[in-house]
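# Coordinate analysis (summary)
These are the residues of each chain, in order.
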Amino acid sequence: MSTASWMPSASVGSPSQKSQTYPRTIPMTEPENPKTPPVPPNPSVKPEAESPGRPSEVQKSEQELVRADKYRRLIEAGVDPFPHKVERTHSVLDLVDAYAGKTAEELEPAPVRTVVAGRMMSVRLMGKAAFFHISDGRARIQVYIRKDKVGDEAYERWKLLDIGDILAVEGALFKTRTGELSVLCDSFTFLAKCLHPLPEKWHGLQDVEIRSRRRYLDLIMNPEVADVFRLRSAVISWLRRFFDGRGYIEVETPMMQAIAGGAMARPFVTHHNALNMDLFLRIAPELFLKRLVVGGLEKVYEINRNFRNEGIDSEHNPEFTMLEFYEAYRNYDDMMEMTEEIFCGLCRDLLGKDEFPYGDRVISLKRPFRRVKFREALAEGSGLPSEAFDDRPRIIKLAEGLAPEKKPVTYGKALDIIFDKHVKEKLVQPTFIVNPPKEVSPLAKSALGEPAEAARFELMVAGMELANAFSELTDPAEQKARFEHQAEEKRKGNDETHPIDLDYVQALEYGLPPTGGEGIGIDRLVMLLSNRRSIREVILFPLLRPREDQ
RNA sequence: GGGCCGAUAGCUCAGCUGGUAGAGCACCGCCCUUUUAAGGCGGGUGUCGCGGGUUCGAAUCCCGCUCGGCUCACCA
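Everything numeric in this text was worked out from a predicted model, so none of it was measured. (Residues numbered from 1 in each chain as written. Chains lettered and ligands numbered in written order. Predicted model: local features only at pLDDT ≥ 70, side-chain atom pairs only at ≥ 80, totals over all residues. Heavy atoms only, no water.)

## Thoughts on the confidence of the model for chain A
A residue-level look at chain A finds 88% of positions with pLDDT of 70 or above and a mean pLDDT of 86. Counting interchain partners and residues more than four positions distant, the pLDDT-below-50 stretch residues 1-57 has 73 contacts. (pLDDT = per-residue confidence, 0-100. Contact = heavy atoms within 4.5 Å.)

Pasting the structure below:
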């Protein structure tokens, strides 16, 4: 939303003019605007507070008109509408942490003076005095304002504030009769007007759509939402410390790529005008990171966005954050060790325990995690005997029955389908699914002694795939053959294939040392640790269709 | 993209087989100087998501659309 046209310009509120009468009537009706809605019949609202001029030409509600009018009266009373700064002595959290535990007797002899600022979240007005709470997002504190303390003029001006307004309060700390830490207000400073009513104090903001579209409102009303994003930030900095401490370097590889490789997914297409070429937003950084390992950067990691042009649901957002890391002279067994260290370390350091709830289950992150071969997991989850998986036509037929729209179904793909349908959701406790079929892993080495299997694992927790790692395929000829096989699959109508990247093959021809690589989906990791069932709860601004009225 | 469900006051929600919309909070007026979901008295502030249709009459029934949720497909 652009700046509201009815807002006073900066000069209007400048200090030199602050004692003058506000020179403009507010709000201004644009005379040529025939859509200006009729004035609602409300005798309590002054006529000049009506006829809104919001750029969107959306009619203001009664409460918005009241707020706009109070704001105008504040400015007319000489209040700077946009002050530059306020010197706080404490954050709200500072005060609560330091003094909430003190008794009235401890506070009284030497009252602590404070200047504290926040958003007014509730008001209890009692004639010549009032209590209200202010919040700065991390904590809230009560303020007691008395007419005989601040003076008649200031008290009347305070009454022009609404729930949602931001102000600074100066005064001394005390405890009320009921024992609540409070600030006895000597004076206050207006800092920002909230021109819209806030959601209800008791139920708050529930509407999932509004919570995502106007995340700021969600954050104002639902403090636990901010906790999720603080946790997300802590997860990412923990991971950076982890890798930095092990001699990894953090790198950034292209977001815009001529060939969208490193995974099998549909990319977004964009266009470069000067080069007159289409480019793809990356679906994975993998092939670039391994080029760096070829170049001698033996330990690299990247935490960044990937973009996949696929469906949206509670586990998928078109842009999502991925950690990928590669270490030379390692294999996937080493990556399994590291994965355990990462998950258990995060849990221990950020949650302070090795168990936590997820939905109606308790997830227990204790080393070592269970390790199950892909085929054994299939047998376990599907109820079929292990030998049944040697009967290839039978397995393909079974998979075709489970997912009739997926053609052609190869043996490897059939195993994948059965896994997704029968096994995945049963894997609640952390489980490494080891050695999936090679043909769905075109960038991984074959498992030692098992040519049909990939030297790869996926970590499943709470039915979600949290990590995916393998011993990287380093043989350029083999890699080229795998790419060509993918292209052949594509010609057969399989749209889940990896594109040929001959430049990457050339990099391999210079020699990629044995390398272990892994990807961890940050969004899902945060979902897990914060007990959120939807990816939209851990992404500040998830993709939504735009709305005209927003 | 398919199926199911939803959209009513600023917010959270009621509203039956069709008869011109209600509650709590918020808001407005009055009273109230230690309240805390403050309290008392008075006031409903609405394009019932949008557009058609049926009907004497539609929030309600039918059709189309928009946005969202769940789910299936796709994907991580």
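From this point, the discussion proceeds with the structure in view.
## Some details on the packing of aromatic side chains
Counted under the stated rule, the structure contains 16 aromatic pairs. Aromatic side chains W238 and F242 sit 5.4 Å apart centroid to centroid with 15° between the ring planes, which places their arrangement in the stacked category. A residue pair is termed a helical-turn pair when its members lie 3 or 4 positions apart in one helix, as W238 and F242 do in helix α8 (residues 223-244) at four residues. Here W238 falls in the buried class, since its relative accessible area comes to 8%. Note on F242: relative accessible area 13%, which makes it buried. Ring geometry for Y248 against F325: centres 6.4 Å apart, planes inclined by 75°, an arrangement best described as edge-to-face. In this pair, Y248 sits in the loop between α8 and β6 (249-250) while F325 sits in strand β11 (residues 319-328), placing the two residues 77 residues apart along the sequence. Summarising the burial analysis for this pair, Y248 and F325 share the class buried. Residue placement shows R291 over the ring face of F288; its charged tip is 4.6 Å from the ring centre. In this arrangement the basic side chain of R533 is found over the ring face of Y358, its NZ or CZ atom lying 5.7 Å from the centre. (Phe/Tyr/Trp six-rings, centres within 6.5 Å; stacked < 30°, edge-to-face > 60°. Helix = DSSP H or I, 4+ residues; strand = E, 2+ residues; numbered from the N terminus. Buried < 20%, exposed > 50% of the residue type's maximum accessible area, 1.4 Å probe, protein only. Lys NZ or Arg CZ within 6 Å of the ring centre and 35° of its normal.)

## Considering the pairing of strand β1 (residues 113-126)
With seven bridges connecting them, β1 and strand β4 (residues 166-175) associate as antiparallel partners. Bridge pairing in β4 places R119 opposite I166. Where β1 lies against strand β2 (residues 129-135), seven bridges are found, and the strand directions are antiparallel. The partner of S122 across the bridge, within β2, is H133. (Pairing = 2+ DSSP bridges.)

## A closer look at the packing of helix α14 (residues 476-491) against helix α15 (residues 502-509)
At a minimum axis distance of 8 Å, the contact between α14 and α15 shows a crossing angle of 165°. Of the possible angle classes, the one that applies to α14 and α15 is roughly antiparallel. For the element pair α14 and α15, the recorded crossing hand is right-handed. From α14, P476, Q479, K480 and F483 reach across to α15, where they touch L502, Y504, V505, L508 and E509. (Axes fitted to C-alpha atoms, helices over the stretch in contact; angles between N-to-C directions. Parallel < 35°, antiparallel > 145°, perpendicular 65-115°, else oblique. Left-handed = near helix turned anticlockwise from the far one by under 90°.)

## A word on the sheet that holds β6
Ordered by their spatial adjacency, eight strands build an open sheet running β6-β10-β11-β20-β19-β18-β15-β14, and the pairing between neighbours is mixed. For this open sheet the edge positions go to β6 and β14 (370-373), each flanked by a neighbour on one side alone. Helix α10 (residues 332-351) rests against β11, β14, β15 (431-434), β18 (456-461), β19 (464-471) and β20 (515-521) of the sheet, and its axis sits at about 20° to β18.

## Observations regarding unusual backbone geometry
Geometrically, the link from R367 to P368 is a cis peptide bond, its omega value of -10° lying close to zero. Inspection of the secondary structure puts P368 in the loop between β13 (361-364) and β14. One non-glycine residue, N276, adopts positive backbone phi at about 45°. With relative accessibility at 59%, the residue N276 sits in the exposed group. The phi torsion at A462 lies on the positive side, around 55°, for a residue other than glycine. Within the element layout of this structure, A462 appears in the loop between β18 and β19.

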